[in-house]
Amino acid sequence: MTGPNIEFQDLGNKGRYVHAVDGDEAELTFVRVGESQIIIDHTEVPQRFRGKGVGEALVAHAVEQARKDGVKIRPLCPFAAVQFRRHPEWADVLAR
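Residues numbered from 1 in each chain as written. Predicted model: local features only at pLDDT ≥ 70, side-chain atom pairs only at ≥ 80, totals over all residues. Heavy atoms only, no water.

## Considering the overall build of the chain
Working step 1: Of regular secondary structure, the chain possesses two helices and five strands.
Working step 2: Counting from the amino terminus, helix and strand elements in the chain follow one another as β-β-β-β-α-β-α.
Working step 3: Here the C-alpha radius of gyration of the chain, 13 Å, is about what a compact globule of 96 residues would show, namely 12 Å.
Working step 4: If one aligns the C-alpha atoms of the chain with their principal axes, the spans along those axes are about 35 × 30 × 20 Å.
Working step 5: Across the chain, contacts joining residues at least 24 apart in sequence account for 40% of those joining residues at least 6 apart. (Helix = DSSP H or I, 4+ residues; strand = E, 2+ residues; numbered from the N terminus. Rg over C-alpha atoms; globule rule 2.2 N^0.38 Å. Contact = heavy atoms within 4.5 Å.)

Now the structure itself:
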């Protein structure tokens with residue numbers, strides 16, 4: 001896999017990043033908190049995508065978008081929290 005094709009879906013005060021192939025979806029969902037913060041509340045990666053960097057790519061997309069939008073991320077999802085610990089370069093968007 002050269003890199004997952006990730007689509008953003010804006011659902012009003014919620015949103016999600018999705019990587020879909022042949023009916024299988026990996027997703028990261030979040031909730032907006034005001035204008036300045038999002039909470040990543042869920043990440044799910046089907047077995048067929050595991051170990052291929054799909055989950056990490058979902059979080060990375062959220063980080064990139066947060067930087068563009070000038071918002072902070074609160075990673076309540078355990079997977080996303082681990083990714084933030086593994087990527088200290090994302091600290092600029094981590095909500096304190």
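Here the narrative resumes.
## Regarding the packing of aromatic side chains
Two aromatic rings are characterised by how far apart their centres lie and by the angle between their planes.
Working step 1: All chains considered together, the criterion is met by four aromatic pairs.
Working step 2: With 5.0 Å between their ring centres and 40 degrees between their planes, F8 and Y17 make a pair best called tilted.
Working step 3: Ring centres of Y17 and F30 lie 6.0 Å apart, and the angle between their planes is 35 degrees; this geometry places the pair in the tilted category. One end of the pair, Y17, is in strand 2 (residues 14–21); the other, F30, is in strand 3 (residues 24–33), and 13 residues separate them in sequence.
Working step 4: Judged by relative accessible area, Y17 falls into the buried class, the value being 4%.
Working step 5: For F30, a relative accessible area of 3% translates into the label buried.
Working step 6: Here the aromatic residues F8, Y17 and F30 are joined through ring pairs into a cluster of three or more. (Phe/Tyr/Trp six-rings, centres within 6.5 Å; stacked < 30°, edge-to-face > 60°. Buried < 20%, exposed > 50% of the residue type's maximum accessible area, 1.4 Å probe, protein only.)

## Some remarks on unusual backbone geometry
With the exception of glycine, most residues fall at negative phi, and the peptide bonds are largely trans.
Working step 1: Positive phi, normally seen in glycine, also occurs at D22, with a value near 50 degrees.
Working step 2: If you trace the backbone, D22 turns up in the loop between strand 2 and strand 3.
Working step 3: D22 sits in the exposed class, given a relative accessible area of 72%.

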